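Architecture at a glance
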Amino acid sequence: MKMLVLLLASWLVLAQSAAAAPHDEQPPPPPSDDLSQTEITDEIPLGFPEQEAFPEQIEIDLPLLIHGEPQFTPRARKPHCSGSSPCTRRRPLFKLDEFPPARPSLNNLGRICAAGRKKVSYGPWNLPQSGFSHLVRQGDALNRVEAGLDECCQLPLSEKLPCGTSVWLDVLEQFCDAEFSAKTKPYSCCKLEGPARQGCFEDAAPYPKYNFPGAERGRSGEAPQRLPELPFPPGRPASANLGNICALRQSRPAYPTSVFPRSGFGWYLRQAQALNRLESGFKKCCQTQDLGCARRAWEKSLTQFCKEDLSVKTRHHPCCKLDEDEDRFACFAVQAPYPDYDQVVRLVSLAEITPSLLEQLCGPVTLLTKQRYIPALVKNITGPCCNLLGDERTLCATEAKSDFIATLCGPRRRSWTDPKDCCSRADAEALDDCFNLNYLASIPLAGEGRPLRPTRPAV
C-alpha cells in the first residue's frame, strides 16, 4: 500500500514539472555547424570615423597634352610643380578638337580641295598610347576622311562631291562600328541610326568649312610635308612603253616602306609596296626585253595589291572591287596616271645657264635626246664646272657652252648637220641665240631615282 502511494506522489511531481517547462526552460543551443547569426543589441564603439558619401561625378586633372606637347598616360605620375617649372595640366580630353569632321557640301568643297589647306594628322606622335582608345579612334577617323577626300579632289568636278560624301559616310559608319565594339561608352551620335545619326555628326562638326587652326603641327611643332605622289596604278606593259619601262627603270624612284607612317596610311603603304614589287619584276624582264614577262609581273603585283587591300576594313580601291581579273586589270590600265612610264622625264632648257639648271645637270641624270652633240655639250659643262660653287660655277658653265658652240661651228663642223644654218652667223651673240632658240630650248632628261624620305603627311 505504501508503495502505491509513493508512485502516485512521484507521478504528480512529474506532471507539475511538465506543465511549468514551457515557461521556464530555454531552447537547446544550436549545433556547432549552424552558422546563423543572432542580432546584437548592445552598440560596440569601433572607433572608425564617419565616411562621407562619394559625389556622383569626380573630375580628375591628368597631365594629358595634345598637339606635340608633353604627354603622360592616365597612370603616369603627375609632374613636380615649382616656381621654375609650373604645372601645365589640363582636364582629360574626351573629344579631339577637330572631331567630328564636317560633311562635304557645295559650301565647303572648294575649301576642302584648296591647295595648301591645313589638314589634320593624328598618330603616335600626338596621341596618348594607352588609356585613351576613344581618342585614337577619333584620330583614325579624321585621318581616313582626309586621305579619302584627298583622292576625291583629284577627280573631275562633277564627281568630287559624291565621292567626298561617300568617304564621309563610310568612315563615320566604321567609326561607330569601332565604338560599339569597345567596352567604353560610345560616341553620342553613334547611338542614333540612319539620317538622325548623319544629322547629329553634321551639327556637331566644329569646323564645317575645314578651316582647322594649326592642324599641321607635328611632334616638334614643325609643319610636316606631304607624302610624295605615287604613280599608281602603274600602266599595263605593252610594246609601246616597254622601251621606257626598261630604259628609265634606274631613274624611277624607290619607295622604302620603312620610312612611311605606320598608322592611318595603310592605303599608301600598300600602293608603294605594289610599285616596289613591280620594279623588282621588271628588273628580271628587262634583261631580255621580254614583254610577256613584264605583263606577268604587272598582273602579279596588282593581284597581290588587291588581296592586301580587300583584307582590311577601310575603303578599298575601286578596281579591286571588281570580281573578274581581266576587269580589274582593265580598270587599273585606264586609271594609270603615267601609262608610258615617263613620270621621271622632264624637259629642260640649256638656252640660259642658271644655278637651278646646273643643280640638275651636276646630279645623276640621263639625257634622252637623239642629238649626239647634246651629251657632249653637257659633259663639257659638268666636267670642269660642277666642282665650283655659286657665281663661279655659273660663269664657268656659260663660258664652256659658248666655247663648245664655237667648236661645233669650227673644227667639228662636218661632224653634225646644221638644219637651221646657225653656223653661218658671223656674230658670236647671234650664233648663241640661234643655238638657244633652235637646238637647246627643250632637252628631255630623266633624273636618277633616289629613296624618298618624307616626313609625316598632313593628310
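Up top you'll find the structure we're talking about.
About the criteria used
- Along each chain, the written sequence defines residue order, and numbers are assigned to residues from 1.
- Given that the model is predicted, a residue must reach a pLDDT of at least 70 before its local features are reported, and side-chain atom pairs must reach 80 or more before they are shown or counted; all residues, however, enter totals for whole chains, interfaces and linings.
- Each side-chain value is derived from all of the structure's non-hydrogen atoms; neither hydrogens nor water enter the calculation.
- In summary, the pairing rule links any two rings of Phe, Tyr or Trp, Trp by its six-membered ring, whose centres are within 6.5 Å, and it sorts them by plane angle into stacked for under 30 degrees, edge-to-face for over 60 and tilted for everything else.
- Numbered from the N terminus, helices here are DSSP runs of H or I no shorter than four residues, and strands are runs of E no shorter than two.
- For every residue, the accessible area obtained with a 1.4 Å probe (protein chains only) is divided by the maximum for its type, and the residue is called buried under 20%, exposed over 50%, and partly exposed between those limits.
- Structural elements are reduced to axes, namely lines fitted to C-alpha atoms, with helices fitted over the stretch in contact, and the angle between N-to-C directions of any two is expressed from 0 to 180 degrees.
- Note on terminology: angles under 35 degrees are roughly parallel, angles over 145 are roughly antiparallel, angles of 65 to 115 are roughly perpendicular, and the others are oblique.
- Note on contacts: a residue pair is in contact if any heavy atoms of the two residues lie within 4.5 Å.
- Lys, Arg, Asp and Glu make up the charged group, whereas Ala, Val, Leu, Ile, Met, Phe, Trp, Tyr, Cys and Pro make up the nonpolar group; the residues left over, Gly among them, are polar.
- Here a salt bridge means any side-chain nitrogen of Lys or Arg lying within 4 Å of a carboxyl oxygen belonging to Asp or Glu.

Each aromatic ring pair is specified by the distance between its two centres and by the angle formed by the two planes. Within this structure, the stated rule accounts for 19 aromatic pairs. The interplanar angle of 70° and the centroid separation of 6.1 Å between the aromatic rings of Phe175 and Tyr187 together place this pair among those described as edge-to-face. A residue pair is termed long-range when its members are at least 10 positions apart, and Phe175 in helix α4 (residues 157-181) and Tyr187 in the loop between α4 and α5 (194-204) qualify at twelve residues. Residue Phe175 is classed as buried on the basis of its relative accessible area of 2%. Plain terms: the ring middles of Tyr187 and Phe201 are 5.7 Å apart, the flat faces sit at 5° to each other, and that makes the pair stacked. With Tyr187 in the loop between α4 and α5 and Phe201 in helix α5, this residue pair connects regions lying 14 residues apart in the sequence. Here the two residues Tyr187 and Phe201 agree in accessibility, since each one is buried. Taken together, the ring pairs connect Phe99, Phe175, Tyr187 and Phe201 into an aromatic cluster.

Look at helix α12 (residues 390-408) against helix α13 (residues 428-438): their axes get within 11 Å of each other, and the N-to-C directions meet at 95°. Considering their axes alone, α12 and α13 lie roughly perpendicular with respect to each other. Along the contact surface, α12 presents Lys401, Ser402, Ile405 and Leu408, while α13 presents Leu431, Asp432, Phe435 and Asn436. Taken together, the residues of the contact of α12 with α13 break down into four nonpolar, two polar and two charged.

What follows concerns the pattern of salt bridges. Tallying each qualifying case throughout the model produces nine salt bridges. A salt bridge links Arg144 to Asp140; the nearest nitrogen and oxygen atoms lie 2.9 Å apart. With a gap of four residues between them, Arg144 and Asp140 both fall in helix α3 (residues 133-152), about one helical turn apart. Overall, the relative accessible area of 16% leaves Arg144 in the buried class. For Arg393, the salt bridge goes to Glu359, with nearest N and O atoms at 3.6 Å. Highlighted residues: Arg393 in helix α12 and Glu359 in helix α10 (residues 355-361), separated in sequence by 34 residues. Looking at Glu359, the relative accessible area reads 56%, which means it is exposed.

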